[in-house]
Amino acid sequence: DMTPAPDPQSRLQQAVDGAAKRGAVVSIGYLDRQTDTYRGIGDDDPVETASVVKLFVADDLLIRASRGEIDLPDDVRERIAPMLSSSDDDAAQVLWDFAGGSDLVGRVAARYGLGSTTPSDDGIWWNTRTTARDLVSYYDALLDGRGGLAALGRRCSASGRGAGCLAALGRR
């Protein structure tokens, strides 16, 4: 039992300290999009993205297809929804390879201004490195369309379901 700290930043510290007592290391980034208030702790510490990078894969493929930079055949496009909605790793691998592997991380990071997001040294998609701060920036820009998927941003901000919106675009 713990009495909550009086202010949001102290509550973040309590969460990190509580996790540490249990042997976990936590990075937290939080953005209140209504007030544009950002808070974080450990948010500049590099972490591996694991399945979060699947959003980068879908984002990169869809923006490049919309710009006419690549052709996205139906059999490739159809893998986007299961990759996002059920975290299908096999679909992610196929799409990662189709998108050019690690190169897509650089494209997404540049488009969204993610200065701490880098491909892994081993080229494996789930080992992509980022920070909580970069992920908050990514989601914020994705939702409001600053990353280039403007129609998606409008739909997703209304629904609050970024992955679901990308998956829906993948089914077109």
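The rules behind each value
- Residues numbered from 1 in each chain as written.
- Predicted model: local features only at pLDDT ≥ 70, side-chain atom pairs only at ≥ 80, totals over all residues.
- Heavy atoms only, no water.
- Patch = residues over 30% accessible without salt bridge, like charges linked within 9 Å, V, L, I, M, F, W, Y side chains within 5 Å.
- Areas by Shrake-Rupley, 256 points an atom, 1.4 Å probe, with all protein chains shown as cover.
- Salt bridge = Lys/Arg side-chain N within 4 Å of Asp/Glu carboxyl O.
- Lys, Arg positive; Asp, Glu negative; His and termini not counted.
- Charge placed at Lys NZ, Arg CZ, Asp CG, Glu CD.
- Helix = DSSP H or I, 4+ residues; strand = E, 2+ residues; numbered from the N terminus.
- Buried < 20%, exposed > 50% of the residue type's maximum accessible area, 1.4 Å probe, protein only.
- Contact = heavy atoms within 4.5 Å.
- Core = buried A, V, L, I, M, F, W, Y, C linked by side-chain atoms within 4.5 Å.
- Axes fitted to C-alpha atoms, helices over the stretch in contact; angles between N-to-C directions.
- Parallel < 35°, antiparallel > 145°, perpendicular 65-115°, else oblique.
- Left-handed = near helix turned anticlockwise from the far one by under 90°.
- Nonpolar A, V, L, I, M, F, W, Y, C, P; charged D, E, K, R; others polar.
- pLDDT = per-residue confidence, 0-100.
- Expected span 1.5 Å × (residues − 1).
- Arc of directions from axis to C-beta.
- Polar contact = N/O pair within 3.5 Å; in protein donor to acceptor, adjacent residues only side chain to side chain.

**Description of a negative patch on the surface**
Working step 1: On the surface, Asp 71, Asp 74, Asp 75 and Glu 78 cluster together into a patch of negative charge.
Working step 2: Among the secondary structure elements, Asp 75 is positioned in helix H3 (residues 74-77).
Working step 3: Of the residues examined, Asp 75 reaches a relative accessible area of 51% and is grouped as exposed.

**Here we look at the environment of Gly 40**
Working step 1: The residue Gly 40 is located in strand S2 (residues 37-41) in this model.
Working step 2: The class for Gly 40 is buried, based on a relative accessible area of 19%.
Working step 3: Sequence separation of Gly 40 and Pro 8 is 32 residues, and the distance between their C-alpha atoms is 9.8 Å.
Working step 4: Those residues within four positions of Gly 40 in sequence are excluded, and the remaining contacts are Gln 9, Leu 12, Ile 28 and Gly 29.

**Remarks on the nonpolar core**
Working step 1: The biggest cluster of nonpolar side chains holds 31 residues, and the ones touching the most others in it are Phe 56, Met 83, Leu 104 and Tyr 138.
Working step 2: Elements represented by at least two residues in this core include exactly helix H2 (53-66), helix H4 (80-85), helix H5 (89-99), helix H6 (103-112) and helix H7 (132-144).
Working step 3: No other element matches the 8 residues that H2 contributes to this core.
Working step 4: If sequence neighbours within four positions are ignored, Leu 104 has contacts with Phe 56, Val 57, Asp 60, Trp 96 and Ala 99.

**Quick notes on the packing of H2 against H7**
Working step 1: Two elements in contact, H2 and H7, have axes whose closest approach is 12 Å; the angle formed by their N-to-C orientations is 40°. On the basis of their axis angle, the class for H2 and H7 is oblique. In this structure, the crossing between H2 and H7 has a hand that is left-handed. On H7, the residues that touch Leu 55, Phe 56 and Asp 59 of H2 are Leu 135, Tyr 138, Tyr 139 and Leu 142.
Working step 2: Of the residues that constitute the contact of H2 with H7, the class distribution is 6 nonpolar, no polar and 1 charged.

**Some points on the pattern of salt bridges**
Working step 1: If you walk through the whole model with that rule in mind, you get 12 salt bridges.
Working step 2: Through salt bridges with shared partners, a single network forms among Asp 60, Arg 64, Arg 67, Glu 69 and Arg 107.

**Digging into the confidence of the model for the protein chain**
Working step 1: Confidence along the protein chain averages 87 in pLDDT terms, with 86% of residues attaining 70 or more.
Working step 2: The low-confidence segment residues 156-161 (pLDDT under 50) makes 7 contacts with residues lying over four places distant or belonging to another chain.

**Some remarks on helix H1 (residues 8-21)**
Two residues of an α-helix separated by three or four positions point the same way, owing to the 3.6 residues in each turn.
Working step 1: For H1, with 14 residues, the first-to-last C-alpha span of 20 Å sits near the 20 Å given by 1.5 Å per residue.
Working step 2: Of all the residues in H1, the buried ones are Leu 12, Val 16, Gly 18 and Ala 19. Buried residues along H1 cover an arc of 160° about the axis, so they all sit on one side.
Working step 3: On its buried face, H1 is in contact with strand S1 (28-32) and S2.
Working step 4: One side-chain oxygen of the residue at the start of H1 lies 3.3 Å from the amide nitrogen of Gln 9, identifying that residue as Asp 7.
Working step 5: Looking one or two residues beyond H1, the residue adopting positive phi is Gly 23, at roughly 90°.

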